[in-house]
Amino acid sequence: MLPTSIARRAFLTHSALGLGGLALLAIDGKSAGGLAGLPHFKPRAKRIIHLCMAGGPSQLETLDFKPKLKELHGKPFPESFTKGQQLAQLQNAQLIARGPFCEFKKFGKSGQEMSDLFPSIGGIADDIAVVRSMQTEQINHDPAHAFMNSGSILKGRPSLGSWLLYGLGTPADDLPGFVVLTTAGRTGQQPVSARQWSAGFLPSKFQGIQFQAKGDAVHYVGTPPGVPADSQKDAIDLVNKLNAMRAADTLDPEAATRIAQYELAFKMQTSVPALSDYSSESKETLALYGVKQPGDGSFASNCLLARRLAERGVRVIQLYHRAWDHHGDIEKGMKWAAEDVDKACAGLVTDLKRRGMLDDTLVVWGGEFGRTPMGQGTGRDHHILSFSLWMAGGGIKGGINYGGTDELGYRSVVNPVQVRDLHATILHLCGIDHARLSVKYQGLDVKLTGVEPARVVKEILA
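Residues numbered from 1 in each chain as written. Predicted model: local features only at pLDDT ≥ 70, side-chain atom pairs only at ≥ 80, totals over all residues. Heavy atoms only, no water.

**Considerations on unusual backbone geometry**
Here comes step 1: For the bond running from Leu38 to Pro39, omega is 0°, close enough to zero to count as cis.
Here comes step 2: Inspection of the secondary structure puts Pro39 in the loop between helix H2 (18-33) and strand E1 (47-54).
Here comes step 3: Positive phi is not limited to glycine here, since Asn92 has a value of about 65°.
Here comes step 4: Mapping Asn92 onto the fold places it in the loop between helix H4 (79-82) and strand E2 (104-107).
Here comes step 5: For Asn415, which is not glycine, the phi dihedral falls at a positive 50°.
Here comes step 6: Locating Asn415 in the fold gives a position in the loop between strand E14 (412-414) and strand E15 (417-418). (Helix = DSSP H or I, 4+ residues; strand = E, 2+ residues; numbered from the N terminus.)

Put into structure tokens, the structure is as follows:
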């Protein structure tokens, strides 16, 4: 009789697929069609476009007008608001109220009140829901980004996009299911690390793939000179056979990732050039987004590319614009940042709507935290007790605002929304019960929304 270890190895190697092969198919199935039993219910959103305003845009110059703060401008900020509270760089400093430097107007039939720095977004006021009562737990940029993306500051936790890809799969078979694009403004360029779109402890095939904002979306994707496509495919098939053999021997899920990457890269040699060919886009469409030259590296170009990715089945698209870290010179910096994104964001929502895609595309706009109602020189410091964002499409009720802050904008006091509530709401719109999507890791059932109570903000749902 064979020793147990040899018998086990022989079974794994010579059975029809081997347990490794079965595991490989199971993991690969997740990337294509999602987990069995998901979605839990009919989704309202098939895809999400997350417009990440990196650096923390001031809610007091965007979406949350505070007349009382404007009256108090330049005077001592009441200690009753701040006593015993965590501040960032203003800790132990003299706190002086800083009112908004811009004007606010009411837009649309709904009368949504927004800063006049964003006239184009004001033009889509009846399509968006403004949440003015956001709160977060992290007061510095990188952990705040991590918390906004993964619900945790611990490294190795999957991002929201990776959770969605893992749970639901992706309709796209010739492009990554999770694509990230980044741009930078003229000031306030807070760095953003690649861990923000990491798959964490999930197989790396679920991580976000960063595309280039300027020039070719993906470098070196073309077929090498002198290499026929059929020869290249033969080589890929051979490599994948070797990887499959390794998967059968080791049960390593990363072998499945390598196989999927080779296959996807081969398909992208056709899909990416077509994605980057803007000849079918009309002058009117380019003007709608404010695009001067497609592929010029601007945020406007990235918004147009986001719509093209969404059309091609990409599940999650994140656009980071690093322009909002305004500790100083906020008047100039906010104006420039608003100029960068206002027309493009509104153009994206308008374009999705006229193409019949907004109903099942969720658009989220916002930063990792807010800004203090107290001044910091010529700017504002980080703030976690109140900030604002807006959402559109994908089951969101348009023309409404939700939640509210105190009279000086210091704290969310009416229907506060935690980051975990935002995650639960996004998952819900995608057909997922946040409490039922988990992965066993280090002996725990880990969820995007963590262990603290999280709720779906049903009041903003259509």
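That was the structure; now back to the text.
**Re helix H12 (residues 330-354)**
An α-helical segment advances 3.6 residues per turn. Residues three or four places apart therefore align on the same side.
Here comes step 1: Taking 1.5 Å per residue as the helical rise, H12 with its 25 residues ought to reach 36 Å, and the 35 Å between its terminal C-alpha atoms agrees with that figure.
Here comes step 2: Where H12 bends most, at Ala338, the angle is about 30°.
Here comes step 3: Gly356 sits one or two positions beyond H12 and adopts a positive phi of about 75°. (Expected span 1.5 Å × (residues − 1). Bend = angle between axes of the 7 residues up to and from the residue.)

**So, the pairing of E1**
Here comes step 1: The element E1 is largely enclosed, with a buried count of eight among its eight residues.
Here comes step 2: By the alternation rule, side chains of E1 split into Arg47, Ile49, Leu51 and Met53 and Ile48, His50, Cys52 and Ala54, which are all buried.
Here comes step 3: Across six bridges, E1 lies against strand E8 (residues 361-366) in parallel orientation. Bridged to Ile49 within E8 is Val363.
Here comes step 4: Bridge count for E1 against strand E7 (residues 316-322) is seven bridges, and the pairing is parallel. Bridge pairing in E7 places Leu51 opposite Leu319. (Buried < 20%, exposed > 50% of the residue type's maximum accessible area, 1.4 Å probe, protein only. Pairing = 2+ DSSP bridges.)

**Description of the nonpolar core**
Here comes step 1: Counting residues in each nonpolar core, the largest one holds 61 residues, and the members touching the most others are Leu51, Ile121, Phe211, Phe299, Leu309, Trp365 and Trp390.
Here comes step 2: The residues contacting Phe299, other than those within four sequence positions of it, are Leu51, Met53, Thr183, Leu319, His321, Asp340, Val341, Ala344 and Cys345.
Here comes step 3: Core analysis: the second largest hydrophobic core is formed by 53 residues, Trp163, Tyr166, Leu362 and Leu389 among them. (Core = buried A, V, L, I, M, F, W, Y, C linked by side-chain atoms within 4.5 Å. Contact = heavy atoms within 4.5 Å.)

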